[in-house]
Amino acid sequence: MGVDSGHPTVQLRNVSVRFGRMQVLKHVSLSIDRREVVVIIGRSGSGKTTLLRCINFLEEYDEGEIVVDGELIGYRTGPDGQRIRKSEREIAAARSNIGMVFQSYNLFPHMTVLRNIMAGPIHVRRMSRQEADAGARELLARVGLSDKVDEYPIKLSGGQQQRVAIARALAMQPKVMLFDEVTSALDPELVGEVLAVIKQLARDGMTMVVVTHEMQFARDIANRVVFIDEGVIVEQGQPRDLFSNPSSERLRAFLKRYREGYLL
Amino acid sequence: MLPTVLIDNIGYLSRAAGMTILLSIASVVPSAVIGMIVALLKIFGSVPIRVLMDVYLYVVRGVPLLVLLFFMYFVLPYSGLNLPPTLGGVLVMSIYFGAFMSEVFRAAIISLPRGQWDAARSLGMRRARTLGIVIFPQAFRLAAPPFVNTCILLIKSTSLVSIISLWELTMAGREVAERTFAPMEIFGGIALIYFGICYSLSRYGQYLEGRMRFGH
Amino acid sequence: MPINVSFLVRNLPLFYEGAVVTIELSVLTIVIVMVWGLVIVTGRVSRLRLWRLLAGGYIQLVRNTPVLVQMYFIYFGLAMAGFGLSGFASGLLALSLQNGGYVAEIYRAGFESISMKQIEGAKALGMTRWSLLWLVVLPQAFVRVIPPLGNQLILIIKDTSLVSAIAVGELTQTGKLLSERTAATYEIFFTLAVFYLVMTSIVGGMVRLYERRFAIAH
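Here goes a summary of the coordinates provided. (Residues numbered from 1 in each chain as written. Chains lettered and ligands numbered in written order. Predicted model: local features only at pLDDT ≥ 70, side-chain atom pairs only at ≥ 80, totals over all residues. Heavy atoms only, no water.)

All names here are of chain A. Reading across from one edge, β2-β1-β4-β5 is the order of the four strands in this open sheet, with antiparallel pairing throughout. What marks the edges here is a single partner per strand, and that holds for β2 (22–34) and β5 (71–72). Note that strand β1 (residues 4–19) and β2 share nine bridges and pair antiparallel. Paired with arginine 18 across the strands is glutamine 23, a residue of β2. The strands touched by helix α1 (residues 48–55) are β1, β2 and β4 (63–68); relative to β1, the strand with the most contacts, the crossing angle is about 115 degrees. (Pairing = 2+ DSSP bridges. Helix = DSSP H or I, 4+ residues; strand = E, 2+ residues; numbered from the N terminus. Contact = heavy atoms within 4.5 Å. Axes fitted to C-alpha atoms, helices over the stretch in contact; angles between N-to-C directions.)

Pasting the structure below:
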């Protein structure tokens, strides 16, 4: 299953975000095709997480447009071209089609693993309990955690919790999955099991936007790597070209620091 | 072992203790409701609403309960609002402890990690649903021990309504002490009754604290 | 409701007298409680079992009985037993006993929030027990104790109003007596409320000032 080029699932046009006086994203445009895996790299504070969070409107953007699966995110355009914030209901509905996995897992600690995964389908999709239950068990099998169905998150390792978080996002049958540094909080020996699940998703043809510090993983999984620095996309391209032959000074410096073993 | 004056009056004092418990329950429920509403308004309300809540909290935190009770007892009748004393007492207690309860709930809600909101919103849950499914179940557990502490403060404070002539345990104690000339035994005895009520509640609070974490 | 200003002016001396008693009682209670709390907290963390049990029992006792009942016990009870204390002294004693228990627990929480690592670090540097306490534990405990202590002091100021029930002529008592004799009750309670708000705001403001200075220092 190859990339469906020319059929963008996610499109950012001229997106800008300001936090007070600081401009975190500056006129960023990016288009992600169906079944494409785009990996975003950059230093911490470069704006890559903000970009990701704008896609499902967890972060509000000040300018530009974001379209996911044909639908404008967060705002509509008024008759005079002005931006009108969409209703909470519309924003929530759009989010339900966009899966997101967080650095700190963010599982619901008061629910069992199974309930965590069923929460979205039942309360947002209005699915029946039996159906949600069956779906959740299937997803847990896919991430290799069938034996943890009735455990509470606190009993799980970080890697296991993150796999549950992925299953929870997948339970909504999202059009696109967003991964926000999902291995950064993990002990090194637990990183592999989470990356394996994400790789499998890529093979299954899921459209994904991945923010990560794992360069080897980026090289393995990405159809395209986007390098962001100080709120602008500096360079993008196929991982092979980008990593072995960076054209910008900033990316060269970034990769050099990475190779010298600095934490990014 | 108990002094005879205490034993002789135990029936009367028990009925009075029942009244104290009744007053406490009648005040805890509305103050918890007020506390929850104020907490939510303080977190999610628009700026004027939040300012209004701050004024309420400021006044209640700065003015003694007894002065508020006197206000109800002496001042309100002049403005034509003649509440039955018991209802008035319960009302003032509820408004007063509503402020303390709101701090208990607010602290619990805002102490939950932001990620919980992020996760719920990313699944497409709206605010009310997020509160109901994700935030409240966790916040209630966090709030349980300080909630119990506030209940104990409230029970102790019901003794103040005796000063505005409501009949409950402390009032009954005064009556009996005056009649029997045995204030030490009587006030010692009613202190013990309060202790029994409050201490068992505080033990229950500790039990809740022990079971607070999920999956243990 | 129009405020009857001339009434307030006429009775200013009465309010003033009451306010002075309230301030005296508040300040005395606060001073005693801060010291008494320290005494009790040494019992809470003591190695002596008896002292620890006594302090623990004391805290449970005062936290689970109303201060008003304690006041009656002292004022009426001790008088009957031949150790009559004045209303003021009874109020002071009851308020100090009650709040000493709360303050001791605030102190303890402050101590316990200091990490053992720091204490071990200081020990490794060869500090004695006393210099450890003075240089490492107390300064940090102080910082964490100030906000809850401030809250407790505000509660103490408010609780001084209870001594009106044992005929001490402090501000609330003044307000109550005036209310029984005049119709200007609105003015009376407006005055009381403002006075208590000012008193408690001063303490609250001092705590916030302290917190802000500390935040800047970090």
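A few words on the side chain of serine 46 of chain A. Residues and elements named next belong to chain A. On the secondary structure map, serine 46 appears in the loop between β3 (37–41) and α1. Here serine 46 falls in the buried class, since its relative accessible area comes to 3%. The residues contacting serine 46, other than those within four sequence positions of it, are Val24, Ile228, Asp229, Glu230 and Gly231. (Buried < 20%, exposed > 50% of the residue type's maximum accessible area, 1.4 Å probe, protein only.)

With twelve residues, helix α8 (residues 169–180) of chain B ought to run about 16 Å at 1.5 Å a step, and its terminal C-alpha atoms sit 16 Å apart, in line with that. Listed as buried for α8 of chain B are Leu169, Thr170, Met171, Ala172, Gly173, Val176 and Ala177 of chain B. Buried residues along α8 of chain B sit against α2 (10–44) and α9 (183–210) of chain B together with α4 (67–80) of chain C. Taking the backbone nitrogen of threonine 170 of chain B as reference, a side-chain oxygen 3.1 Å away marks glutamate 168 of chain B as the first, capping residue of α8 of chain B. Directly after α8 of chain B, the chain includes phenylalanine 181 of chain B, whose backbone phi takes a positive value near 55 degrees. (Expected span 1.5 Å × (residues − 1). Polar contact = N/O pair within 3.5 Å; in protein donor to acceptor, adjacent residues only side chain to side chain.)

Here we take up the pattern of salt bridges. Applying the stated rule across the entire model yields 28 salt bridges over all chains. One network of salt bridges, in which partners are shared, links Arg53 and Glu59 of chain A together with Arg114, Asp118 and Arg121 of chain B. (Salt bridge = Lys/Arg side-chain N within 4 Å of Asp/Glu carboxyl O.)

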